[in-house]
Amino acid sequence: MKGGKLIIFSAPSGSGKTTIVKHLLKQPELNLAFSVSATSRARRGKEKDGEHYYFLHVSEFKKHIKNDNFLEWEEVYRDNFYGTLKSEVERLWAEGKNVIFDIDVVGGLRIKKKFPKETLAVFVKPPSVDELKIRLKKRSTESDDKINMRIAKASVELATAPQFDIIINNYDLETALNEAHTLVADFVGADKSINEE
Ligand code: 5GP
């Protein structure tokens, strides 16, 4: 497998990484395409198959594991598998794109290890675990149990931050968006000023 760059955004859920990734995808000079992950978790809200995730049955997911079709995969929560299909990255690289990932910390670090030179691994840090709780409750797409599961995982994830190439503190969204844009532009060798008035 070879091609463009890989940009990883990892963070506890509720940290704002998805907002940052969406913002970056709108910047044409970065030439980014989103890596759609496969998952066995249930669909939430307005999520679309093939756009937000490839929604697979647990048995289909396990078959892909057996056939070595994943670049990385993880049982992020019990029976909730998530993974990056090799075919997804190959497809986007064939289109000449740089690939951006919104994945969990373990998966992110795995990809970085497989492609150390091609990868920029960014950790997005939330202001605090309490603030995370508030953000997840506001999103209100999940039960309290599921939210508590995410919070418990967040503390473990925060401890991995130093293993990333860079940490973005998401205390103020506007600042975090700008910082992310500059970082990625530098890494892919794009001229960020093209888009600025
Ligand atoms: P959610 O259920 O909120 O969409 O995602 C739960 C967690 O799984 C998030 O931390 C998300 O970044 C992570 N995730 C999404 N796709 C992948 C993937 O392909 N691989 C890994 N390892 N984690 C993923």
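You'll find the structure just up there.
Criteria and thresholds
- Residues numbered from 1 in each chain as written.
- Predicted model: local features only at pLDDT ≥ 70, side-chain atom pairs only at ≥ 80, totals over all residues.
- Heavy atoms only, no water.
- Helix = DSSP H or I, 4+ residues; strand = E, 2+ residues; numbered from the N terminus.
- Rg over C-alpha atoms; globule rule 2.2 N^0.38 Å.
- Buried < 20%, exposed > 50% of the residue type's maximum accessible area, 1.4 Å probe, protein only.
- Contact = heavy atoms within 4.5 Å.
- Areas by Shrake-Rupley, 256 points an atom, 1.4 Å probe, with all protein chains shown as cover.
- Lys, Arg positive; Asp, Glu negative; His and termini not counted.
- Charge placed at Lys NZ, Arg CZ, Asp CG, Glu CD.
- Pairing = 2+ DSSP bridges.
- Axes fitted to C-alpha atoms, helices over the stretch in contact; angles between N-to-C directions.
- Salt bridge = Lys/Arg side-chain N within 4 Å of Asp/Glu carboxyl O.
- Near = heavy atom within 4 Å.
- Polar contact = N/O pair within 3.5 Å; in protein donor to acceptor, adjacent residues only side chain to side chain.
- 1 Å grid on protein atoms, 1.4 Å probe; cavity = no way out; pocket = protein on both sides within 12 Å on 5 of 7 lines; lining within 4 Å.
- Sits in = over half its atoms within 2 Å of the grid points.
- Nonpolar A, V, L, I, M, F, W, Y, C, P; charged D, E, K, R; others polar.

Participant: So what's going on with the overall build of the protein? Residues and values would help.
Facilitator: Helix and strand counts for the protein come out as seven helices and nine strands. Against the globule reference of 16 Å for 197 residues, the protein gives a C-alpha radius of gyration of 16 Å, in line with a compact fold. Across its three principal directions, the C-alpha atoms of the protein cover 45 × 40 × 30 Å. Residue burial in the protein is summarised as follows: out of 197 residues, 47% are buried. Sequence-distant contacts, at least 24 apart, represent 67% of the contacts inside the protein between residues at least 6 apart. Counting only carbon and sulfur atoms, one obtains 50% of the accessible surface of the protein, whose full area is about 10,400 Å². Side chains of the protein carry 32 positive and 30 negative charges; the gap between the two charge centres is 4 Å.

Participant: Now, about the sheet that holds strand 6 (residues 80-85): what can you tell me, with residues and values included?
Facilitator: Strand order in the open sheet formed by four strands is 4-3-6-5, and the pairing between neighbours is mixed. Where the open sheet ends on each side, the last strands, each with one partner, are strand 4 (53-55) and strand 5 (70-77). Direction aside, neighbouring strands of the sheet carry axes that sit 25° apart on average. Examined bridge by bridge, strand 5 and strand 6 share six bridges and lie antiparallel to one another. Residue Trp73 lies in a different strand from strand 6, and its bridge partner there is Gly83. Helix 2 (residues 58-66) contacts strand 3 (37-39), strand 5 and strand 6 of the sheet and is inclined by roughly 45° relative to strand 6. Running over the sheet, helix 4 (residues 105-114) touches strand 5 and strand 6 and is turned about 160° from strand 5.

Participant: Help me get a handle on the pattern of salt bridges, residues and values and all.
Facilitator: Opposite charge on two side chains permits them to pair, given that their charged atoms come into close proximity. Applying the stated criterion across every chain, the model contains 11 salt bridges. Close ionic contact of Glu95 with Arg91 constitutes a salt bridge, the shortest N to O distance being 3.6 Å. Given a relative accessible area of 48%, Glu95 falls into the partly exposed group. The network of salt bridges with common partners includes Glu88, Arg91 and Glu95.

Participant: Explain the pairing of strand 1 (residues 6-10) residue by residue, including any values.
Facilitator: Taking burial as the measure, the five residues of strand 1 include five buried ones, the bulk of the element. On strand 1, burial covers both faces: Leu6, Ile8 and Ser10 on one face and Ile7 and Phe9 on the other are all buried. As defined by bridge partners, strand 1 adjoins strand 7 (residues 98-102) across four bridges and the pair is classed as parallel. Bridge pairing links Ile8 to Phe101 in strand 7. Bridge count between strand 1 and strand 8 (residues 119-125): five bridges; the pairing is parallel. In the sheet register, Phe9 faces strand 8, and the bridge partner there is Val122.

Participant: Which residues make up the site of the ligand, and what values do they have?
Facilitator: Taken together, 16 residues surround the ligand, and among them Ser37, Arg41, Tyr53, Glu72 and Tyr82 come closest. With respect to the ligand, the side chain of Tyr53 contributes an N or O atom lying 2.4 Å from an oxygen atom. Note that an oxygen atom of the ligand is positioned 2.5 Å from one of the side-chain N or O atoms of Tyr82. Relative to its free-state accessible area of 510 Å², the ligand is covered by the protein chains to the extent of 96%. Comparing atom positions with the cavity grids shows the ligand to sit within the largest pocket. Breaking the shell around the ligand down by element, the ones donating at least two residues are strand 5 and strand 6. By residue class, the composition of the shell around the ligand is four nonpolar, four polar and eight charged.

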